There are 4 protein chains.
Amino acid sequence: MQQEGTNTGFRYRLHTIIYEADTRAGKLFDLILLALIVLSIVAVMLESVVPIKYRYGKELQIAEWIITAFFTLEYFGRLISVKKPVVYALSLYGIIDLLSVLPGYIDLIYPGAHFLVALRAVRLLRIFRILKLVHFVGAGNQLVEALKKSRNKIAVFLYSVIVLCIILGTIMYIVEGPESGFTSIPMSVYWTIVTLTTVGFGDITPVTPLGQFISTIIMILGYGIIAVPTGLISAQLIKNEPTSLNTQRCRNCNADHHRDDAIYCYNCGYKLNL
Amino acid sequence: MQQEGTNTGFRYRLHTIIYEADTRAGKLFDLILLALIVLSIVAVMLESVVPIKYRYGKELQIAEWIITAFFTLEYFGRLISVKKPVVYALSLYGIIDLLSVLPGYIDLIYPGAHFLVALRAVRLLRIFRILKLVHFVGAGNQLVEALKKSRNKIAVFLYSVIVLCIILGTIMYIVEGPESGFTSIPMSVYWTIVTLTTVGFGDITPVTPLGQFISTIIMILGYGIIAVPTGLISAQLIKNEPTSLNTQRCRNCNADHHRDDAIYCYNCGYKLNL
Amino acid sequence: MQQEGTNTGFRYRLHTIIYEADTRAGKLFDLILLALIVLSIVAVMLESVVPIKYRYGKELQIAEWIITAFFTLEYFGRLISVKKPVVYALSLYGIIDLLSVLPGYIDLIYPGAHFLVALRAVRLLRIFRILKLVHFVGAGNQLVEALKKSRNKIAVFLYSVIVLCIILGTIMYIVEGPESGFTSIPMSVYWTIVTLTTVGFGDITPVTPLGQFISTIIMILGYGIIAVPTGLISAQLIKNEPTSLNTQRCRNCNADHHRDDAIYCYNCGYKLNL
Amino acid sequence: MQQEGTNTGFRYRLHTIIYEADTRAGKLFDLILLALIVLSIVAVMLESVVPIKYRYGKELQIAEWIITAFFTLEYFGRLISVKKPVVYALSLYGIIDLLSVLPGYIDLIYPGAHFLVALRAVRLLRIFRILKLVHFVGAGNQLVEALKKSRNKIAVFLYSVIVLCIILGTIMYIVEGPESGFTSIPMSVYWTIVTLTTVGFGDITPVTPLGQFISTIIMILGYGIIAVPTGLISAQLIKNEPTSLNTQRCRNCNADHHRDDAIYCYNCGYKLNL
């Protein structure tokens, strides 16, 4: 939008296609990118299934090469078309884009490296950028804002939960002992977290009456304190709700977050154009 | 209601019985339908229990035949009595009604087809129409509306959870490996969803210390982020039901937030103009 | 309070002791009753533990006899001291009181009857009456009222969950089949409820890829829709909050639920005495 | 702050370092204390892992000695620098500080006492004091206050849940019996709590159809009533944070619900008097 009239050449057109979703070419680009990312992830998943890899290993590798090639072109396209390539390259999305390209090339040097699988899964994060361009922005922003605002309370809550789990885990270790599967304090803390979060795998379970009694306390505790983060987010979302719907800005003083039915700016009294 | 005076014949009476619940005949029809639907489902369930099928297989098949006959009659009744039969036949409930009738007839051609069982369970959806006619409408509508309004946010939330599960599942696959039961990435993602949603079957459990450590993070994450959809629905439901319904103010002392049924001002005793 | 001056005899004194908690004797009576109920339940529990029954069976039986004797006396005391004994005997608490006494006597006729254990556990319900007399009333009432008001919505929600579980359970039965433990549709529906409610015992788990995929959908569904009842109760509790704190009634028109800062009755304009 | 000018000697400086976090020395002290507490807990945990203890037992014991020495010095420093040492020694944190020091010395008398491990985990509680000095205070206080205010309701809720679990546990014991793992009523109540809180270990599972049916009721109950504590905390947190903080009205058009920082009326543009 604030692009100068002079760079209406190749770089400007490229920028429009890659970064914007308003034009037909831009939308098509986004759709192809989305399809390739999903395809790439599906390929990674299928390759890990032994019988499928055995049969379609060749085809999956070819698909991976095509995807890597496209992502490489796209990465250079982004670098060229943007005004400040260094800023882009060092931004979060710039790094994710680079990480999406690397596995294909590292595989040439160290074939079959195990950690590459995780790197390839990182590509999934790229979808968030594409989504940014569509109509989920508002919803996403509201969620993120609510989480940010209750961040401190969530930190206090999480910290308390972890302290609780360590202390209760230590007690369970003393009560149950190694013969019930509570072989060490870290193992016992792991079990306490499994129980408090109501996951309850059942790989380790208390067998002594006292251990079972303490377990019930841990469970009821976990069942009850889940209300705390829920209440926090609820309260924050309700508080956020009213101010976040109106997107207009005052032409006079640039103030935003007006009420939905606002006719005049709350800050300078200037009439808002509706 | 907007029925013309001329079609007070058989079709009109049929329509009243089948579609309305105000008359005695209409209510009776709904009750019989409700009973037959429940009976039909119970029959499907019992037939799947081997010892019961062995003993009462004959009786259950006869019951199924009677129910199919009734549902067929009812389906034609609906087709005849409605003004635009094609619109009905292609509507959601029209298709469900047809699907409720089919299994009985398909069974004649392909006896004992396995997927018929699922088709017969579809009948259960028909109850929602009967409930539509009674006093649950308001409550149901409010729920559906709250879900609809927070749809976008729920979509963003679900998408983020799935991305998270795929990335964490891939990491767990690398960390734990096939010997702990994490045989492939899809399996590992399945396990991550089992853990994040706090279901925790325990059919696969991490055995390496690092795997157990990452598991605890997944569990605490799952325990914490459940607050997000809860907060969303809560906020939406609270917004839908304004806490202070009464908006009037006392003309004498300007006090507000009166009870909905207030006749006099709680602050000065002045009569409120209603 | 509305007792006539004439029945200040034995029955009146008994009534004060048994039904009121304001006097010293009344409080003492409540405390003894509370202790005996808890003792009785502990005795029932301990008697079910084989080694304890083997050793202390005699002592536990004697304790049961003393408790039954006291409860019998108390039951007759309640019958005598109350104005309308028949109304009491047929009220909920009257029946619970009778059921608390019966097990001891039935045991004489059918010694060791298995179902008596459950009857004896019913005694636990009596504690609610004692609690009624203390300071938990307000809190309890608010909870019960919130639950009552969102009853219709909860019914719609529960009904939808059950329909969902039956349909998903039937699908899982077709997909997984008896060899994975999904031996019948009722069993499969049981598994679906175990999974949807995020309990996840792990006694039955899906083994086919398609079954595991449907499972993840069930889990995410269960993880998400828990937000609905939570949101309902939250919204109801928030709505209830403001009107439920003030306990005074208007002397003129007997209206209650005034605002906390009310000076005049909202219904008749009469001045409230604060 | 209310320190007299005369005690600017050693005790005052010590007090500033130990109790305050405003000065550089105070911050450094807090950081060292935090590091030592975490280190101490890590040491306790690692010592419980048999292979690690076997290899690094000596080093861990030396670390424990250094930490005990530091904590001892710190405890005496607190005693000396505070104005009323007895009040401190008998305060909650005073006792926790003493308990943090004791294990090292008790170990000299009874080497390897099992319960010492739990005592050492108590040290973790000390972190809460350090956190008190930083920016989590507000968030923590708000949480604690919300919990305090809904205390009575939570007590009623918890009590009802426990009564429910005992009664349902007794019924399950009668229905399932010892051969399914429901060996006694306490065991059965333990299982009911495991199920109701949606933990679901799976170490004991119902096998009779009736038992499984009752289980599904317990699960749906547990799935549903979790909404109650969540709703309580949500309602309390929302009440604590009023959604519309601004109570002023426009003198010109009488509009209310202005933003907190509004200078002009959003409805008519008239200047609000602040």
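Remember, predicted model here, so these are calculated numbers, not experimental data.

**Student:** What exactly am I supposed to notice about the overall build of chain A here?
**Tutor:** Secondary structure summary: chain A contains twelve helices and zero strands in total. Secondary structure elements of chain A, listed N to C terminal, follow the sequence α-α-α-α-α-α-α-α-α-α-α-α. Looking at chain A as a whole, 49% of its 274 residues qualify as buried. Of the accessible surface of chain A, which amounts to about 13,700 Å², a share of 68% is contributed by carbon and sulfur atoms.

**Student:** Please explain the interface of chain B and chain C as it appears in this structure.
**Tutor:** Note on interface size: it is often stated as the accessible area lost on association of the parts. On the chain C side, the residues contacting the 60 residues of chain B number 58 residues. When chain B packs against chain C, close to 5,000 Å² is buried across both sides, 73% of that on carbon and sulfur atoms. Our count for the chain B to chain C interface comes out at three residue pairs in polar contact (both at pLDDT 80 or more). Those elements that provide at least two residues to the side of chain B that touches chain C are α2 (24-48), α6 (116-121), α7 (127-132), α8 (137-149), α9 (151-176), α10 (185-196), α11 (209-225) and α12 (227-240) of chain B.

**Student:** Looking at this model, I keep getting lost on the relation of the copies chain C and chain A. Mind explaining?
**Tutor:** The operation relating chain C to chain A is a screw motion whose rotation component is 180°, with 0.1 Å of axial translation and a residual RMSD of 0.2 Å. Look at the turn and shift together and you get a two-fold axis relating the two. Looking at chain C, 100% of its interface residues are interface residues in chain A too, so the copies touch through the same face.

**Student:** Got a minute to help me understand the packing of helix α9 (residues 151-176) of chain A against helix α10 (residues 185-196) of chain A in this structure?
**Tutor:** What describes two packed helices is the angle between their axes and the distance between those same axes. All names here are of chain A. Where α9 meets α10, the axes come as close as 8 Å, and the angle between the chain directions of the two elements is 120°. Taken together, the axes of α9 and α10 are oblique relative to one another. As for how α9 packs across α10, the hand of that crossing is right-handed. Between α9, through Val161, Cys165, Ile166, Leu168, Gly169, Thr170, Met172 and Tyr173, and α10, the contact on the second element is made entirely by Ile185, Ser188, Val189, Trp191, Thr192, Ile193 and Leu196. A per-class count over the contact of α9 with α10 returns eleven nonpolar, four polar and no charged.

**Student:** What exactly am I supposed to notice about the pattern of salt bridges here?
**Tutor:** Applying the stated criterion across every chain yields a total of 28 salt bridges over all chains. The residue Arg120(D) makes a salt bridge to Glu64(D) at a minimum N-O spacing of 2.9 Å. On the criterion of sequence distance, the pair formed by Arg120(D) in helix α6 (residues 116-121) and Glu64(D) in helix α3 (residues 50-81) is long-range, its members being 56 residues apart. By sharing partners, the salt bridges in this structure join Glu47(A), Glu64(A), Arg120(A) and Arg123(A) into a single network.

**Student:** Please clarify how the domain arrangement of chain A should be interpreted in this entry.
**Tutor:** With domains assigned, chain A is organised as domain 1 (10-132) and domain 2 (140-239). A straight line from the C-alpha centre of domain 1 of chain A to that of domain 2 of chain A covers 38 Å.

**Student:** Can you walk me through the UniProt feature "transmembrane region" (unreviewed entry) in chain A in this structure?
**Tutor:** All names here are of chain A. Within the UniProt annotation, "transmembrane region" (unreviewed entry) is assigned to residues 31-50, 62-80, 86-106, 156-175, 187-207 and 213-235. Between the end C-alpha atoms of residues 187-207 there is a gap of 16 Å, over a span that is 48% helix and 0% strand. Counting secondary structure, residues 213-235 comes out at 96% helix and 0% strand; the distance between its end C-alpha atoms is 34 Å.

**Student:** Help me understand the packing of aromatic side chains, please; the structure alone is not making it clear to me.
**Tutor:** Two numbers describe a pair of aromatic rings. These are the distance of the centres and the angle of the planes. Per the stated rule, a full pass over the model turns up 28 aromatic pairs over all chains. Aromatic side chains Phe70(B) and Phe71(B) sit 6.4 Å apart centroid to centroid with 65° between the ring planes, which places their arrangement in the edge-to-face category. Every member of this aromatic cluster is reached through a ring pair, and the members are Phe29(A), Phe70(A) and Phe71(A). Against the face of Phe71(A) rests Arg126(A), its NZ or CZ located 4.7 Å from the ring centre.

**Student:** Is there a simple way to explain unusual backbone geometry in this structure?
**Tutor:** Glycine aside, the phi torsion of most residues is negative, and most peptide linkages are trans. In the Ramachandran plot, Thr198(C) falls in the positive-phi region, its phi being about 60° despite a non-glycine side chain. As for its position among the elements, Thr198(C) is in the loop between α10 (185-196) and α11 (209-225).

**Student:** Sorry if this is basic, but what is going on with α10(B) here?
**Tutor:** Because each turn of an α-helix spans 3.6 residues, side chains separated by three or four positions end up pointing in the same direction. Residue and element names in this part refer to chain B. The terminal C-alpha atoms of α10 lie 16 Å apart, and with twelve residues this matches the ideal 16 Å at 1.5 Å per residue to within 8%. By the criterion of burial, α10 is predominantly enclosed, with ten of the twelve residues buried. Residues of α10 that are buried: Ile185, Ser188, Val189, Tyr190, Trp191, Thr192, Ile193, Val194, Thr195 and Leu196. Backbone geometry just after α10 places Thr198 at a positive phi near 60°.

**Student:** Could you clarify how one ought to interpret the packing of α10(C) against α11(C) in this entry?
**Tutor:** Residues and elements named next belong to chain C. Axis separation between α10 and α11 bottoms out at 8 Å; the angle between their running directions is 50°. On the basis of their axis angle, the class for α10 and α11 is oblique. Mapping the contact onto sequence places Trp191, Thr192, Thr195 and Leu196 in α10 and Ser215, Ile218, Met219, Leu221, Gly222 and Ile225 in α11.

**Student:** What am I meant to see in the interface of chain C and chain A here?
**Tutor:** Taken together, the contact between chain C and chain A spans four residues of the former and four residues of the latter. Between chain C and chain A the total buried area reaches about 190 Å² when both faces are included, carbon and sulfur atoms providing 34% of it. Linking chain C with chain A are zero residue pairs in polar contact (both at pLDDT 80 or more). When the residues that make up the side of chain C that touches chain A are grouped by side-chain class, the tally is one nonpolar, three polar and no charged.

**Student:** Explanation requested: the side chain of Thr170(D) in the structure shown.
**Tutor:** With respect to the element layout, Thr170(D) can be found in helix α9 (residues 151-176). Using a relative accessible area of 1% as the deciding quantity, one classes Thr170(D) as buried. Those residues in contact with Thr170(D) that lie beyond four places of it in its chain are Val117(C), Ala118(C), Ala121(C) and Ile185(D).

**Student:** What is the right way to look at a nonpolar patch on the surface in this model?
**Tutor:** Residues and elements named next belong to chain A. Residues Trp65, Tyr105, Leu108, Ile109 and Tyr110 make up a contiguous nonpolar surface patch of about 580 Å² in total accessible area. By residue number, the principal contributor to the nonpolar patch is helix α5 (residues 92-109), which donates three residues. Of the residues examined, Trp65 reaches a relative accessible area of 37% and is grouped as partly exposed.

**Student:** What's the story with α9(D) in this structure? I'm lost.
**Tutor:** The terminal C-alpha atoms of α9(D) lie 36 Å apart, and with 26 residues this matches the ideal 38 Å at 1.5 Å per residue to within 8%. Once α9(D) finishes, Gly177(D) follows within two positions and takes phi at roughly 80°, a positive value.

**Student:** Looking at this model, I keep getting lost on the environment of Ala121(D). Mind explaining?
**Tutor:** Mapped onto the elements, Ala121(D) comes out in helix α6. Given the relative accessible area of 3%, Ala121(D) is considered buried. Each C-alpha atom, one on Ala121(D) and one on Ser40(D), is 8.5 Å from the other, the two residues being 81 residues apart in sequence. Setting aside anything within four residues of it in sequence, one finds Ala121(D) in contact with Ile167(A), Thr170(A) and Ile41(D).

**Student:** Please clarify how the confidence of the model for chain A should be interpreted in this entry.
**Tutor:** Low-pLDDT portions of the prediction should not be read for the details of their coordinates. All names here are of chain A. Overall, the predicted model of chain A reaches an average pLDDT of 80, with 82% of residues at or above 70. A low-confidence stretch, residues 1-6 (pLDDT under 50), is modelled with three contacts involving residues beyond four sequence positions or located in other chains. Both confidence scores are given for the complex: pTM 0.82, ipTM 0.79.

**Student:** Please clarify how the environment of Gly269(C) should be interpreted in this entry.
**Tutor:** If you trace the backbone, Gly269(C) turns up in the segment after α12 (227-240). The spatial distance from the C-alpha of Gly269(C) to the C-alpha of Asn252(C) is 9.1 Å, given a sequence separation of 17 residues. Apart from residues no more than four positions distant in its own chain, Gly269(C) is found in contact with Tyr264(B), Gly269(B) and Tyr264(C).

**Student:** Is there a simple way to think about the side chain of Arg78(A) in this case?
**Tutor:** Residue and element names in this part refer to chain A. Within the element layout of this structure, Arg78 appears in helix α3 (residues 50-81). For Arg78, the side chain forms a polar contact with the side chain of Glu74, separated by 2.7 Å. When residues no more than four places from it in sequence are discounted, the contact partners of Arg78 are Ile18, Tyr19, Phe29, Leu33, Tyr88, Asp97, Arg126 and Arg129.

**Student:** Before we go on, may I ask you to explain the environment of Ile214(B) in this structure?
**Tutor:** Residue and element names in this part refer to chain B. Relative to the helices and strands, Ile214 is located in helix α11. Residues Ile214 and Met172 lie 42 residues apart in sequence; the distance between their C-alpha atoms is 7.6 Å. Sequence-distant contacts of Ile214, that is, excluding residues within four places in its chain, are made with Ile171, Met172 and Val175.

Rules of the game
- Residues numbered from 1 in each chain as written.
- Chains lettered and ligands numbered in written order.
- Predicted model: local features only at pLDDT ≥ 70, side-chain atom pairs only at ≥ 80, totals over all residues.
- Heavy atoms only, no water.
- Helix = DSSP H or I, 4+ residues; strand = E, 2+ residues; numbered from the N terminus.
- Buried < 20%, exposed > 50% of the residue type's maximum accessible area, 1.4 Å probe, protein only.
- Areas by Shrake-Rupley, 256 points an atom, 1.4 Å probe, with all protein chains shown as cover.
- Contact = heavy atoms within 4.5 Å.
- Buried area = accessible area lost by both parts, 1.4 Å probe.
- Polar contact = N/O pair within 3.5 Å; in protein donor to acceptor, adjacent residues only side chain to side chain.
- Least-squares fit on C-alpha atoms with pLDDT ≥ 70 in both.
- Axes fitted to C-alpha atoms, helices over the stretch in contact; angles between N-to-C directions.
- Parallel < 35°, antiparallel > 145°, perpendicular 65-115°, else oblique.
- Left-handed = near helix turned anticlockwise from the far one by under 90°.
- Nonpolar A, V, L, I, M, F, W, Y, C, P; charged D, E, K, R; others polar.
- Salt bridge = Lys/Arg side-chain N within 4 Å of Asp/Glu carboxyl O.
- Domains from an automatic or database assignment.
- UniProt positions renumbered as here; feature names shortened; annotations may be inferred.
- Phe/Tyr/Trp six-rings, centres within 6.5 Å; stacked < 30°, edge-to-face > 60°.
- Lys NZ or Arg CZ within 6 Å of the ring centre and 35° of its normal.
- Expected span 1.5 Å × (residues − 1).
- Patch = residues over 30% accessible without salt bridge, like charges linked within 9 Å, V, L, I, M, F, W, Y side chains within 5 Å.
- pLDDT = per-residue confidence, 0-100.

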